[in-house]
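Structure assessment
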Amino acid sequence: MSSAFESRHQFGICIASSSSSASLPTNQPTRTESFDVQDNALSLSTQQQQQLASSSTPVRHAAVFIALFLLLPPLAREERRRRREGKRTSRSMCEHSRGRRSTGYRQQTRRPDDNDNSLSSSCGIVIRGRSMASSSSSSIRRGGRRKDRPGVPATMAVSLVPFLLLLLVSTSSAAMAASAAKHGGADRRSVRARARAAFRSRDEWEAYRKIMARMVTMEKDCNKTIQAKSSLPFLGIFRPGPLPTYLLSPDGDIIHCVPCHRQPAFDHPKLRGQKPEDEPVERPVPKGGGGGGAAEEEEGDVYFRQAWSDGGERCPEGTVPIRRTTAQDVMRSSSARRFGMKKPRASNVRRDSTSDGHEHAVGYVTGDMFYGAKASLNVWSAKVASAAEFSLSQIWVISGSFGNDLNTIEAGWQVSPELYGDSNPRFFTYWTTDAYQATGCYNLHCSGFVQTNNRIAMGAAISPTSVYNGRQFDISLLIWKDPHRGNWWLQLGSGPLVGYWPSFLFTHLGGHANMVQFGGEVVNSRPSGSHTPTQMGSGHFPREGFNRAAYFRNVQVVDGDNSLVPAAALRLVADHPGCYDIQGGYNRAWGNYFYYGGPGRNVHCP
C-alpha cells in the first residue's frame, strides 16, 4: 500500500472556500480562571442569571411606562368625545320633544308600543323609562338606519385589554426569570456530576476544567455573540429569564466574536503579546496564465456560506468568530486530555493506516518539493453510523517520515457526531508535528492556527450542501507557503485569506512538503462485527458520475516558483474498493479530477 495512507488523518486545516454551483463536464489553554464557573459552557451560572434577570427589570418597567404613555392619552380623548356626543344627543332629543326638528337628524317616528312617557319636554329625555343623558349607550335613528354606540365605560374596558395583557406578561416574565435563576445552581451541579462521572481520573478532570475555564475567558474577551433571530423580536424584553444574549445560531452553535489577539493561538509562548501578521502580497497564480482548469469556479471574492451567518450576521472588523465549546462537547469525547486532537497512533501501524480502522480513497503526488495545494470539492451530508466514527473530505500537505515525526496540515469538510454533536458537514482544519501523538488539534482548540478572517468560523456547518441528482455546491481550498515569511496560509476561493499556521510550529514543514494528498477518509469501527455503513462523500460509488458521486476537480500543487501547476502523475488508491472506490481523469474544464466514495457496507463489502 502507498505511504499516502499512513497519515491517519482526522481533519485539519483552515480553509478558504467559496460555495458556488460549478460548471462541470457533461460526461462525468494557558489562561485559567476559577473553576467554579466551569459549567458556563453549558448554561449561565446562577449569579449571571440573577444579574441578567435584574438587568432586564428596568427594561420591563420602561416597557410598562411606555405602554401607559401610549394608551392613556387616547383613552382620555375617547372619554371626552363620548361625553360631548352624549350631551349633543340629549340636546337634540330635547329639541325634538318640543316639536322642533333637529338639524342633521330625521324626524323620529314613535313605535306602536311607545307610550306617552317615551318623550318628555325635559332636557333629560326618557326613552322606554331610561334617562338618555345618563344612559351608557345612545340609540339614534340616522338615515333610516339604527346606530348603536358603546358608552364610555365599555370602550375603556376594551382599550385597557392590551395594557392589562402587557402588564400580565411582564409580571409573569419576572417571576419566570426568578425561577430560572433559582434552578440555575441545580443545573450546574448536575453538569458537574456528569462530568465527574465521565472523567474519573485527576488528569482528565483537570483537563475538563481547563477547557471550560478557557471558554469563560473567551466569553469575557468577546464583544459580540451571534444568536438566532426571534420570530417575534419585539417580545424579546418579555422572554423569561436572562435577556437573549446566549441564544443559538440556526445550526445550534454559539459564535463568539473574539478580538484577533485574544484567540487561542496567542496563548503560544512565541506569539504572546503579538498580533496577526499582515496578509502576504504575493499569492500563487497559474503558471503561464493557465492553471489546469478553464472553468475555475470562483466568482469574485465570494464566501462560502455557513449556517451561523445565513441571517447576514458577521463579526466586527478586528475580531474572529469562534465556535463555543460546551460541556456536552467535551463529555462526548473519550478523553478530555485529547479533546480536539487525534487518537494516539499505535507504534506498529501499517502505512496504509487501515489497521486502526481508518479507510481512504485518495489521489496523491509524491517525490518532489511542494509548497502548497489547491482543489475544489463538493460538499455532502454524509451519513455516519455512530458517534465513534466520522466521514471527511480534505487536502493533506505532508512532510517527514511516517514515524513519530510526521508533519501534516489538513483542511476540508467533515461529519463527526462525537466532535460536534450532530451530523452537519462542517468546515475544519488540523495540524500535527508528531504524527498525531501530542501536538496539533482541530480548528482553534489549541494554540497554533492564527485566524485573520471575521466571516468564517472553524467547525461551523456549511450550508447549503450538494443534492443527489440535483444542484452541486463545492468549496475551493488553497494552502500555500509564503516564500518570504515561511508561514502556511489558507485561502477560500479567490477571496480573502482565512489565516495561517506559523512556520515555527513545524519541523519538516518548516521547509517544504514532500507529499500532497486529496480525497476522503472514514473510520470503520466495525459495529456488530461487520463493515460500517458510514458513507464516504455522497455515499455513492464514483462510477455514477456527476450529480451523484463526490468529486475533486482542478487538482493542483504549488511549485518552488510560487506557481500553481497541475498535479502531474496523480496516483489514485482505495484501501477497499468494494466499500469506497475512486476513479479519475482529465479534461479542459476540470483539469485533473476524480470521483470517489461509496456506501460502506454492501454486498461487495460485508
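Below is a short write-up of the structure. Computed from a predicted model, the values in this text were never measured in an experiment.

Attention shifts here to the overall build of the chain. When you go through the chain residue by residue, the secondary structure sums to five helices and 24 strands. Each of the 606 residues in the chain was classed as buried or not, and the buried ones make up 53%. When the accessible surface of the chain is split by element, carbon and sulfur atoms take 53% of a total near 27000 Å².

Spatially, the three strands line up as an open sheet ordered β5-β6-β8, and their pairing is antiparallel. The strands lining the two open edges of the sheet, one partner per strand, are β5 (224-226) and β8 (319-323). When strand polarity is set aside, the average angle formed by the axes of neighbouring strands in this sheet is 30°. As judged from the three bridges shared by β5 and strand β6 (residues 255-259), these two strands associate in the antiparallel manner.

With the rule as written, the count across this model stands at three disulfides. Covalently, C441 is tied to C446 through a disulfide, its sulfur atoms 2.1 Å apart. Judged by the torsion about the S-S bond (-80°), the C441/C446 disulfide is left-handed. For C446, a relative accessible area of 18% translates into the label buried. Here C579 is linked by a disulfide to C605, with a sulfur-sulfur distance of 1.9 Å. Disulfide C579 to C605: torsion about the S-S bond roughly 90°, handedness right-handed. Here C579, found in the loop between β22 (571-574) and β23 (581-587), pairs with C605, found in the segment after β24 (591-597); they are 26 residues apart in sequence, far enough to count as distant. An identical accessibility class is assigned to C579 and C605; each is buried. The thiol sulfur of C222 is not disulfide-bonded, and the nearest other cysteine sulfur, from C257, lies at 7.3 Å. Not engaged in a disulfide, the cysteine C260 finds its nearest cysteine sulfur in C315; these two sulfurs lie 9.5 Å apart. A relative accessible area of 12% means that C260 is categorised as buried.

Attention now moves to the pattern of salt bridges. Counting across every chain of the model gives 15 salt bridges. Between R337 and E204 there is a salt bridge, with its nearest N and O atoms 3.2 Å apart. Of this pair, R337 sits in the loop between α4 (327-332) and β9 (358-370) while E204 sits in helix α3 (residues 202-221), and the two are 133 residues apart along the sequence. For E204, a relative accessible area of 11% puts it in the buried group. Note that R324 is salt-bridged to E219, the shortest N-O span being 2.7 Å.

To continue, consider the sheet that holds strand β13 (residues 426-432). The strand order β14-β13-β12-β11-β19-β9-β22 describes an open sheet built from seven strands, whose pairing is antiparallel. The outermost strands of the open sheet, each flanked by one partner alone, are β14 (441-442) and β22. Pairing of strand β12 (residues 407-415) with β13 involves seven bridges; the strand directions are antiparallel. Residue pairing for β13: G412 is matched across the bridge by F428.

Rules of the game
- Residues numbered from 1 in each chain as written.
- Predicted model: local features only at pLDDT ≥ 70, side-chain atom pairs only at ≥ 80, totals over all residues.
- Heavy atoms only, no water.
- Helix = DSSP H or I, 4+ residues; strand = E, 2+ residues; numbered from the N terminus.
- Buried < 20%, exposed > 50% of the residue type's maximum accessible area, 1.4 Å probe, protein only.
- Areas by Shrake-Rupley, 256 points an atom, 1.4 Å probe, with all protein chains shown as cover.
- Pairing = 2+ DSSP bridges.
- Axes fitted to C-alpha atoms, helices over the stretch in contact; angles between N-to-C directions.
- Disulfide = S-S within 2.5 Å.
- Salt bridge = Lys/Arg side-chain N within 4 Å of Asp/Glu carboxyl O.

Distances and angles like these do not, on their own, reveal function.
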